[in-house]
Structure formats: C-alpha cells, structure tokens
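Commentary on secondary and tertiary structure
What follows is each chain in one-letter form.
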Amino acid sequence: MTTAVATIDHHHDPSTATGIPNKKLLMWAFLASDCMFFGALISTHLIYRLHPPAGGLDPKQIFSPELTSFSTFILLMSSLMMALAVSAIQKANVKSCRASLLMTIFFGMIFLGCQVYEFTEFVHVKQMTLSNSLLGTTFYTLTGTHGIHVAIGVFWLSLMYVRSFKPAVGNAWHRSWLSHNLLHAGVLIAALLLSLKVVIALVFSLQEAASIGAGLQHFIGAEFVYLLLVLLAYGALVWFARPRGAVEFGETNAIDVESMGLYWHFVDIVWIVIFTAVYLLEYL
C-alpha cells in the first residue's frame, strides 16, 4: 500500500451518500440553524439602534471598546490555536494537538472572564440591566447568548482534551482510565474556574487602578493565594499529562477535532459580527 493511499482522507468519506463525513455534515446543519438564530438577534439589536426610544441609555457612555477589543483579539488567537490543533491531529501529532486544545481553552476562559467583568460593570456601575432599557435587553440577550456558546465550546474542548488521554487496549493503564480521567477532568475544571476567577480579578485591578503598575501590584497582593492555587492546578495537569503509553486518540479522531474546530471558528466569526454591529458602529 502506498503512502498516499494509506493516508486518511479527512475531508471525504466514500461510505456516505454525499461523500462528506456525517459528523461534519451534522455540524454544518447545526451551524446553519444557529446562523439564522444569531441573525435574528443581531437584526433585533440593529433595528432598535436605528429607532432608539427617547431618553434611552447612550451606548457610548456604557461600552468599553478597549476591553472589548482586547477580548476580541484573545478570541481570534483562540481560533488560531484551534486551527493548529486540527492540523496537528491530522498529522497524528497528539501531543501538539493537546497543547493547542489547552491554549484554546485558556483563551476561551480569558474571553469569558472579560465578559463577566463587563456585565458586572454595566449592571452595578453603569446601571444598565436586562429589564430597565431596550438597550440592555437586546445587548444582554445577544452577547449573553454568544457567551453561552463560548462556555459550551470550552466545556466541549475540555472533554476532548481529557479524552485524548484514554489509554489504548492493552495499555496497563486501560483498566483504571475511568477513575484516572475523572480525576483529570476534576483538576481541569478546578484549573479553569480558578483561571476565570484570577482573570476577572486582574481585569478589575487594571481597570480601576491609576496605572498598570499599581493595578498589577494590587492584583498580586490581593490574589496571591489564588495565584498559588492556579499554579498548583496547572502543575497537577502537567502531572496527569505525563506519558503513559499508547492512547486511543489519534489521526482517526481528526474528524472529531475538525467538527469542534468548525463550531469554534463559527463562534469566533459571530463575535466579529457582534463586535462590529454592537460596539464599533456606535463610534462611526
């Protein structure tokens, strides 16, 4: 068998009527329906902005374009890492795929942390809630729905990351993989929650301090214990990730990572549209 024939075709499946892998076809169908859903939410917000009620809140006094630009950049970087994860698994490089998945998860958590900070500030400082203005209703519904999609993506990525460690049949660790992977998943969830807490605290410190140096000094002093816990959690992740022999996850799972990538890139593209329509258009 030649190398060309032995190489897995990641884009075509001769066993299906369409020639497209069923998992990828299912994902495209889901994204098409989700595209219409977000289209309705974005259209609703734009229609309201074209015909704002008298006495309504001024978005320019509410929004923080600097923070949102930063979180947009972070989400774009997460898409880059997702693309690297897909490329790595197609080349059967499981170790590189894991590292890229973990970075995608990390960037996704930073984005969620910025969004939590933004919502908290809008509610408690800017006095914009879900029910006291049409701007709040359309804004929180649209961006909150997108945030839920990011959170689902982070959860899905986390499951895929832990799954990539499942030992192959015949591996000495195969009998204890369930309890081992449950512990691994628990440590990963703890690391993500601690990261989210630290990111939110860092954003608060930088936003409220007079300078970046003062903000970092306050952040390190106030969150020292949580920083140590984050280091311990990620140290435990490194311990769980140490080589333990052959695993089931490999090039044959490329379609799973590709489907995950389609979802994540879609969430990224939707955010670019939201960022442009909701934030940037206000300053034109």
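Since this is a predicted model, take the numbers as computed values, not measurements.

So, on to the pattern of salt bridges. Scanning all chains against the criterion turns up five salt bridges. Measuring nitrogen to oxygen at the nearest pair gives 2.6 Å for the salt bridge that ties Lys-23 to Asp-256. Placement of Lys-23 in helix α2 (residues 22–50) and of Asp-256 in helix α10 (residues 254–279) is noted, with a sequence separation of 233 residues between them. With relative accessibility at 47%, the residue Lys-23 sits in the partly exposed group. A salt bridge links Glu-258 to Lys-24; the shortest N-O distance between them is 2.9 Å. With Glu-258 in helix α10 and Lys-24 in helix α2, this residue pair connects regions lying 234 residues apart in the sequence. With relative accessibility at 8%, the residue Glu-258 sits in the buried group. Exposure remark for Lys-24: the relative accessible area of 11% places this residue in the buried category. Each of Lys-23, Arg-163 and Asp-256 takes part in salt bridges that share partners, so that together they form one network.

It is worth spelling out the side chain of His-149 at this point. Summarising the element assignment, His-149 is placed in helix α6 (residues 134–163). His-149 gets classed as buried once you look at its relative accessible area, which sits at 11%. Contacts of His-149, omitting those with residues within four sequence positions, involve Asp-34, Phe-38, Tyr-263 and Val-267.

Backbone geometry at Ala-92 places phi at a positive 65 degrees, although glycine is not the residue there. Structurally, Ala-92 can be placed in the loop between α4 (65–90) and α5 (94–124). A residue is classified by how much of its surface remains accessible, and Ala-92, at 41% relative accessible area, is partly exposed. The backbone phi angle of Gln-127 is positive, close to 60 degrees, even though this residue is not glycine. As for its placement among the helices and strands, Gln-127 is situated in the loop between α5 and α6.

This part takes up the nonpolar core. Formed by 64 residues in total, the largest nonpolar core has its most connected members in Met-82, Phe-139, Val-154, Val-257, Trp-264 and Ile-274. When residues in this core are grouped by element, the largest group, 15 residues, is from α10. In this structure, Trp-264 is in contact with Leu-75, Ser-78, Ser-79, Met-82, Thr-104, Gly-108, Val-150, Gly-153, Val-154 and Leu-157, ignoring residues within four places of it in sequence. Membership of the second largest hydrophobic core comes to nine residues, among which are Ile-74, Met-81, Ile-110 and Cys-114.

Next up on the list: the confidence of the model for the protein. Averaged over all residues, the pLDDT of the protein equals 86, while 94% of them reach at least 70. Counted against residues more than four places away or in other chains, residues 1–6, with its pLDDT under 50, gives one contact.

Attention now goes to the packing of α2 against α6. Interaxial distance between α2 and α6 falls to 8 Å at its minimum, and their mutual angle equals 155 degrees. Classified by the angle their axes make, α2 and α6 are roughly antiparallel. Crossing handedness for the pair α2 and α6: left-handed. For the pair α2 and α6, contact is made by Met-27, Asp-34, Phe-37, Phe-38, Leu-41, Ile-42, Thr-44, His-45, Tyr-48 and Arg-49 and by Leu-134, Leu-135, Thr-138, Phe-139, Thr-141, Leu-142, Thr-145, His-146, His-149 and Trp-156, respectively. Taken together, the residues that form the contact of α2 with α6 break down as 11 nonpolar, seven polar and two charged.

Two elements in contact, α2 and α10, have axes separated by 11 Å at closest approach and are oriented at 10 degrees. One element, α2, and the other, α10, form an angle in the roughly parallel class. Between α2, through Lys-23, Lys-24, Met-27, Trp-28, Phe-30, Leu-31, Asp-34, Cys-35, Phe-38, Ile-42, His-45 and Leu-46, and α10, the contact on the second element is made entirely by Ile-255, Asp-256, Glu-258, Ser-259, Leu-262, Tyr-263, Phe-266, Val-270, Val-273, Ile-274, Ala-277 and Val-278. Taken together, the residues of the contact of α2 with α10 break down into 17 nonpolar, two polar and five charged.

A cluster of nonpolar side chains, Ile-220, Phe-224, Val-225, Tyr-226, Leu-228, Leu-229, Leu-231 and Leu-232, forms an exposed patch at the surface whose accessible area comes to about 790 Å². Looking at the nonpolar patch, the element that brings in the most residues is helix α9 (residues 224–240), giving seven residues. Structurally, Tyr-226 can be placed in helix α9. In this structure Tyr-226 comes out as partly exposed when scored by relative accessible area, which is 33%.

Under the counting rule described, the total for this entry stands at 19 aromatic pairs. Measuring from ring centre to ring centre gives 4.9 Å for Phe-63 and Tyr-279, while their planes differ by 45 degrees; the resulting arrangement is tilted. Highlighted residues: Phe-63 in the loop between α3 (59–62) and α4 and Tyr-279 in helix α10, separated in sequence by 216 residues. Relative accessible area serves as the criterion here: at 5%, Phe-63 is assigned to the buried category. When the ring of Trp-271 is compared with that of Tyr-279, the centres are 6.2 Å apart and the planes differ by 55 degrees; the resulting orientation is tilted. Through a chain of ring-to-ring contacts, three or more aromatic side chains come together here, namely Phe-63, Phe-111, Phe-119, Phe-122, Phe-139, Tyr-140, Trp-271, Phe-275 and Tyr-279. When the ring centre of Tyr-226 is taken as reference, the NZ or CZ atom of Lys-197 above it lies at 4.2 Å. A cation sits over an aromatic face here: Arg-242 above Trp-239, 3.9 Å from the ring centre.

What counts and what doesn't
- Residue numbers here run from 1 along each chain, matching the order of that chain's written sequence.
- Only residues with pLDDT of at least 70 are given local features in this predicted model, and only at 80 or more are side-chain atom pairs given and counted; all residues enter the totals for whole chains, interfaces and linings.
- Only hydrogens and water are set aside; all other atoms, that is, all heavy atoms of the structure, feed into the side-chain values.
- By definition, a salt bridge exists where a carboxyl oxygen of Asp or Glu is found within 4 Å of a side-chain nitrogen of Lys or Arg.
- Here a strand is any run of E in DSSP of at least two residues, a helix any run of H or I of at least four, and the numbering for each starts at the N terminus.
- Exposure classes here rest on a 1.4 Å probe applied to the protein chains alone. A residue is buried below 20% of its type maximum, exposed above 50%, and partly exposed in between.
- Any two residues whose heavy atoms approach within 4.5 Å are treated as being in contact.
- Nine residue types can take part in a nonpolar core, namely buried Ala, Val, Leu, Ile, Met, Phe, Trp, Tyr and Cys, and a core is a set of them joined through side-chain atoms within 4.5 Å.
- What pLDDT expresses is the predictor's confidence in each residue, scored from 0 to 100.
- Note on geometry: axes are lines fitted to C-alpha atoms, helical ones only across the stretch in contact, with angles between N-to-C directions running from 0 to 180 degrees.
- Working definition: roughly parallel below 35 degrees, roughly antiparallel above 145 degrees, roughly perpendicular at 65 to 115 degrees, and oblique for all remaining angles.
- Take the far helix as the reference: if the near one is turned anticlockwise from it by less than a right angle, the crossing is left-handed, and if turned clockwise, right-handed.
- When residues are sorted by character, Ala, Val, Leu, Ile, Met, Phe, Trp, Tyr, Cys and Pro go into the nonpolar class, Asp, Glu, Lys and Arg into the charged class, and all the rest, Gly among them, into the polar class.
- Each patch is assembled from residues with relative accessible area greater than 30% and no salt bridge, linking like charges that lie within 9 Å and nonpolar side chains (Val, Leu, Ile, Met, Phe, Trp, Tyr) that lie within 5 Å.
- Computed with a 1.4 Å probe, the accessible areas rest on the Shrake-Rupley method; for each residue, only the protein chains presented here act as cover.
- Two rings belonging to Phe, Tyr or Trp (six-membered ring only in the last case) form a pair when the distance between their centres is within 6.5 Å. Interplanar angles under 30 degrees mark stacking, angles over 60 mark edge-to-face geometry, and anything in between is tilted.
- Two conditions define a charge located above a ring, namely a distance within 6 Å from the ring centre to NZ of Lys or CZ of Arg, and an angle within 35 degrees of the ring normal.

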